[in-house]
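Listed below, chain by chain, are the residues.
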Amino acid sequence: MDRMSVQEQSSEEPAGAFDRAPAEGPATAAASPRSLAEDLRARDDSSLSALLRARPDLITPVPTDLTQLATRAGTRASVVRALERLDRFALQTAEALAVAPDPAPYGTLLHLLAGDAGDPVVAEVLPHAVAALREQALVWGPEDRLRLVRTARELLAPSPQHPSPTGLGPTVAEATAGMSPGRIQELLTTAGLPTTHDAVSAVESLTGLFEDRARMSALLGTAPPESLEVLSRLVWGPPYGQVTAEPAARLRWLLDRGLLLPTAPGTVVLPREVALHLRAGRAHRHTEPLPPPVEPTAVHRPQVVDATAAGQAYTALTTVEELLKDWDEGGPAVLRAGGLSVRDLKRTAVALDVPEPVAAFWVELAYAAGLLASDGEADERYAATPAYDEWLDLPAAERWTRLATAWLSATRTAGVIGGRDAKDRTLSALGPGLDRSAAPEVRHRVLTLLAALPEGGSASPDALVERLRWERALRGAASSDDPRARLARWTLTEAESLGVTGRGALSAHGRALLGAAPAAPAPEPTATGSGSGGARSGRGSASGLGPGSGPGDKLPVHHRHHHLPAPPPEPRSAAELAAAAVRAGELLAPLLPEPLDHVLLQADLTAVAPGPLERPLADVLNVLADVESKGGATVYRFTPGSVRRALDAGRSASDLQAFLTAHSRTPVPQPLAYLIDDVARRHGHLRIGAASAYVRCDDDALLNEIVADKRSQGLRLRRLAPTVLAAQADPATLLEGLRAMGFAPAAESAEGDVLITRAHAHRTPPRTAPEPVPDGPPAPDATLLAAAIRAVRAGDLASTAPRKPSTTAAAPAPNGGLPRTTAAETLATMQAAVLTGGTLWIGYVNAEGSASQRVIAPVRVEGGFVTAYDHTADEVRTYPLHRVTGVAELADDQA
């Protein structure tokens, strides 16, 4: 069954090795292509465009002709990548073709997938699955001779080392390849078949018995029940079993009739034909022609969804601001191997009051948006970038769209932080190894599935994961090893935290950011997905085609044309992305709370901000008071330390009183006014400067108190004068030590002026956001596709056009090689073509030494150059004659 025909083998040979045979008649070639290259040659431009769009690696670089394109499409790396992007039913179709005869009629393939009883859904969907495989050049040939490309057959066909997902074993012919002719004849006799004159006909006779339903049923009707029980254990795979040197009677009965065949000492296998009979002709135990539907589990009012998502969006903005404000004067150090240490991540999580995985997500989001980077200094630390200051000046809705668009396209995945890489090293936040190329596609697909639900509808994470597993079926991967499933679950969590979704449903601004069409209105705004309305909407969403059609359809909408894998998101231009972000911001802006310019001062030395504050007010209040609690309203507490912090920043008591009076809707409480005046009165009474360090004060009694305090012993103070104390500690240590003792000293300069200490924001040099790591070559745009197809067709014309018999003494070009003629012959042929308007086939070597074939129509030959219309490049070009290796005239019907 795995014997390849000469034509199929040729389709996988190196370029030029199989397309040089004498051409058959046009009708014969069109009816049954001999190779994949001939199959591609018969396709139109739209079909080739679909192939190159589905498999962009085939035009990286652009192949010279269709022969090279076919060869590249059959390479192992390209075929593996194409198989990994098939949906489950298309992959099952390819697996069935791998165990079918080669070539296989369409009816045989249908029988393998639908079984003896048939399946109308499989029968309806299978043509589209075959079309999908044919579109990706994994299957070629007419319907009565379907061929799976050789590399795909090698990957999917059963073997002892690589079992097939179908659970089938080798054919009778493959399993008996090393068996003696006498033993094969014994199998025929025991099975009740006449003996033959050779082993080949004997194997064919045994195969015919196993494939004949009636005769096979009669044979199994005589089998002992114990033997049938053995077959039932092997029928769905794995097909191999172990036997002893003296098999039991139930095994001996099967071995004597070829129902089990030995493959190695102590090992037997169930032949493929026997298994298919026991399976009623089905190649798979469970055929899945339809994608699992994504039904809404609940439908919320759209206003509730949008309001919830907007609240989360605002929380996301405040969290990122709080994170970078915490790192404003220089964040944690960068590990030697890159990234954030576990201890620093824990500290960040405590500062943000979130779990560590959530803190890792916000850190990575700020990094992906270009707001955070390493400063590149010798003592390398993380800090905000200059882009962060620009981001702060934007309206809240625009700040959110910057974060959301960065998340949607980022390949860095926070969910893997804490795991292990291939070298068993821990993956750290902001470190290397976090890129997952499939992440943008999975995020886009999860949100697209949510967008297909009724407005306000949410779906079960398990249903979304099952849908993604169907759309991208991994060969031989366990559910726990599916990276797309983990990415999908992380996407749902991150989208909710970021405010793209609310209550599990896609918000209006999230839909606009995605560029999705408006959702169908929910029939019951408060109904759950268990109702009939939810089921109808879910059925339409499962298909991805919108709401379902009328009840007169033969099959529900999601039964139609859904074998095809979900295509990757079409690349959107920068203008389209910007327009989507603007639209999302416009929808989100009215839902975000307006910043307030006031607070409510309380008598217990607190201030309540009933909402978000304007930035100047918030900045001053963060210096003047400490944040006590957050939530819908933020509570600030005034303490001596916070007031002293404001005085250190250069504010006077009168400034603080005036500021609070201007921004409070309530009068300034007397306790707060007393606190400010009391701290201001004592602030700067002690002055600390640098000798090593000294303390001076006009009140010598206060200095006596400091010297007598046991807590000052570590500062090693001694009196130099009635109003001056000297210390062996540095000024900063002395300043903090006296403050810890309850005093309010102020630092002074060498000139005796009070030093104003303001926090200096530390910024990195200008940094760009990290570039996403693409999942293979980028999808080609329409311009590149058109140019590539034009070049491939022109190169194919040059390589396959019939030549006139050479009348010169020059040696003919080798098969697939460049033409070879002398310089005089080349010049004479060129000049003759100018006069006659003929078309020539030339070999050309460019300045880099790269050789190519071209079809040209010479226009002028002079000065050692030929000017001609190049059919390969579709433009007029000039070539030096000394770089032309040779020339040949095309046949008259090609000229």
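Worth saying up front: this structure is predicted, and the values here are computed from it rather than measured.

Calculation notes
Residues numbered from 1 in each chain as written. Predicted model: local features only at pLDDT ≥ 70, side-chain atom pairs only at ≥ 80, totals over all residues. Heavy atoms only, no water. Axes fitted to C-alpha atoms, helices over the stretch in contact; angles between N-to-C directions. Helix = DSSP H or I, 4+ residues; strand = E, 2+ residues; numbered from the N terminus. Parallel < 35°, antiparallel > 145°, perpendicular 65-115°, else oblique. Contact = heavy atoms within 4.5 Å. Nonpolar A, V, L, I, M, F, W, Y, C, P; charged D, E, K, R; others polar. Core = buried A, V, L, I, M, F, W, Y, C linked by side-chain atoms within 4.5 Å. Buried < 20%, exposed > 50% of the residue type's maximum accessible area, 1.4 Å probe, protein only. Pairing = 2+ DSSP bridges.

## Quick word on the packing of helix α20 (residues 356–368) against helix α25 (residues 483–498)
Axis angle and axis distance: for two packed helices, these are the angle between their axes and the distance between the axes, and together they describe the pair. Two numbers describe how α20 lies on α25: the axes approach to 12 Å, and their chain directions differ by 75 degrees. In terms of axis orientation, α20 runs roughly perpendicular to α25. Across the interface between the two elements, F361, W362 and L365 from α20 touch E494, S497 and L498 from α25. A class-by-class count of the residues in the contact of α20 with α25 yields four nonpolar, one polar and one charged.

## A few points about the nonpolar core
Most often, soluble globular proteins have nonpolar side chains that are buried together. One finds F210, L259 and L260 to be the most contacted residues of the largest nonpolar core, which totals 92 residues. Residues within four places of F210 in sequence aside, it is in contact with V172, M216, L219, R257, G258, L259, E273, V274 and H277. If you look at the next biggest cluster of nonpolar residues, it comprises 69 residues, including Y388, A495, A512 and A584.

## Examining unusual backbone geometry
Here the residue pair D102 and P103 is connected by a cis peptide bond, since its omega of 0 degrees sits within 30 degrees of zero. Looking at the secondary structure, you find P103 in the loop between α7 (88–98) and α8 (106–114). Residue P238 is reached from G237 by a cis peptide bond, and omega for that bond is -5 degrees. The phi angle at A280 is positive, at roughly 60 degrees, despite the residue not being glycine. Relative to the helices and strands, A280 is located in the loop between α17 (272–278) and β6 (296–299). With relative accessibility at 33%, the residue A280 sits in the partly exposed group. Backbone geometry at L605 places phi at a positive 65 degrees, although glycine is not the residue there. As for its placement among the helices and strands, L605 is situated in the loop between β12 (600–601) and β13 (606–609). In this structure L605 comes out as partly exposed when scored by relative accessible area, which is 23%.

## Some points on the sheet that holds β13
Strand pairing in a sheet relies on backbone hydrogen bonds, with the paired strands running either antiparallel or parallel. Strand order in the open sheet formed by four strands is β12-β13-β15-β14, and the pairing between neighbours is antiparallel. Both edges of this open sheet fall to β12 and β14 (626–629), since each of them pairs with a single strand only. Strand direction decides the pairing type here: β14 and strand β15 (residues 634–637), joined by three bridges, are antiparallel. When the bridges of β15 are listed, D626 appears paired with R637.

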